[in-house]
Amino acid sequence: MIQEFKKIKNVKGELSLPGDKSISHRSVIFSSLAKGTSRITNLLESDDVISTINCFRNLGCEIHKEGTEYLVNGKGYKGFSKPENDLDAGNSGTTARLISGVLAAQDFVSNLVGDESLSKRPMNRIAKPLSLMGAKIKLSDQGTLPAYFQPSDKLKNINYELEVASAQVKSALLLSAIHIDQKSTIIEKSITRDHTERMLGCETQFDNGRKIITASKKNYPNAQEYLIPSDISTAAFFIVLALLAENSELLLKNVSLNPTRTGFLEVLKKMGANITFENEKKVSGEELGDIVVKSSSLKNIAINPELIPNIIDEIPILSVAGLFAKGAFVIKNAAELRVKESDRIKSLVYNYQQLGVEVEEFEDGLKISGEIKK
């Protein structure tokens, strides 16, 4: 399909965006685990979140939409039913990896599958630490889906330092840990998004730059009401548009301002972006507020490697901002981009080359040389 787009002169007004995808996934999972009815407002109705919903329906949960809200009748501790069919995560890595932590703790066999793309993504990073807890998981010979889960004799608590900076791996371990009486300890060397531990009320502390998270059965979720803030990853595209378009001002309402998700905003601010927050508040353990964005002249900066895990999903759109900023845009330490739904580094490089942009590809990132005029 060939489409033509007219140049946007300026952007003005306000936007209310769909719910945050990460929090939407977790609200469905925690509501399904809890005993009783939970109510979810502003759930993101994306294909990925629907995959999570369908998996838990297949495990015996009744989930339906009532007006603008979703009602989830959770099954309680080990109350799920053996699925009659394969659990299909579709193209959702979050679904596959988080639900693995749940399935590892169940007393029945189950088989987790995904589409062709998801079935190429690594799952050993999940299976290895879960097996240390006593989980019985069999992957394909390539260490990918399908994943076959057998009942374990008894899961045991774990003291584990994450080998890769991954909120999905961390979340899978925490979701198994809440099925165990004794405390498990998960240690992060690089801080990743923290929705799971926030929403489960896990105890956290910091020691020499490392984050230490403890979880046990006492953190098992209860039925409750969830309000999903607007998705900051979706907001990122409109933020960059407003920054780059001249004489523009945009207000984005009730966006997630979780500190582990706003790294790309801090990068943009250091680049000279005029971004401010209004009406900040905290709901269900999550910060949210309004974001005001005004046209800005940007200058590329060196990006701290420690920040990469928290801006990983925004790097593609951040590169667009860098394309129109003064100086060279360089991103490194982002090899994780190669094992997303696609090889995002390769895709970015290819498309920039098609536009005639001077771009250099690294194994763990890319470099765009020279400022492109608006």
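This text gives an overview of the structure that appears in the document.

Definitions and cut-offs
Residues numbered from 1 in each chain as written. Predicted model: local features only at pLDDT ≥ 70, side-chain atom pairs only at ≥ 80, totals over all residues. Heavy atoms only, no water. Helix = DSSP H or I, 4+ residues; strand = E, 2+ residues; numbered from the N terminus. Rg over C-alpha atoms; globule rule 2.2 N^0.38 Å. Buried < 20%, exposed > 50% of the residue type's maximum accessible area, 1.4 Å probe, protein only. Contact = heavy atoms within 4.5 Å. Areas by Shrake-Rupley, 256 points an atom, 1.4 Å probe, with all protein chains shown as cover. Lys, Arg positive; Asp, Glu negative; His and termini not counted. Charge placed at Lys NZ, Arg CZ, Asp CG, Glu CD. Pairing = 2+ DSSP bridges. Axes fitted to C-alpha atoms, helices over the stretch in contact; angles between N-to-C directions.

## Remarks on the overall build of the chain
Logical step 1: When you go through the chain residue by residue, the secondary structure sums to 11 helices and 19 strands.
Logical step 2: For the chain, the C-alpha radius of gyration of 21 Å lies close to 21 Å, the compact-globule estimate for 374 residues.
Logical step 3: Across the 374 residues in the chain, those meeting the buried criterion constitute 53%.
Logical step 4: Considering only contacts in the chain between residues 6 or more positions apart, those separated by 24 or more positions represent 73%.
Logical step 5: Summed over all atoms, the accessible surface of the chain reaches about 17,000 Å², with 47% contributed by carbon and sulfur.
Logical step 6: Computing the positive centroid from 48 side-chain charges and the negative centroid from 47, the chain places the two 2 Å apart.

## Side note on the sheet that holds strand E3 (residues 62–66)
Logical step 1: Strand order in the open sheet made by the four strands is E3-E4-E2-E13, with mixed pairing throughout. Because the sheet does not close on itself, it has two edges, and the strands there are E3 and strand E13 (225–227). Neighbour-to-neighbour, the strand axes of this sheet turn through a mean angle of 20°, independent of strand direction.
Logical step 2: In this structure, E3 lies alongside strand E4 (residues 69–75), joined through five bridges in antiparallel fashion. Within E4, the residue paired with glutamate 66 across the bridge is glutamate 69.
Logical step 3: Relative to E4, helix H1 (residues 21–33) is tilted by about 40°, and along the sheet it contacts strand E2 (35–41), E3, E4 and E13.
Logical step 4: Sheet strands touched by helix H2 (residues 47–58): E3 and E4. Its angle to E3, the strand with the most contacts, is close to 135°.

Everything listed here is a matter of geometry and, on its own, says nothing about what the molecule does.
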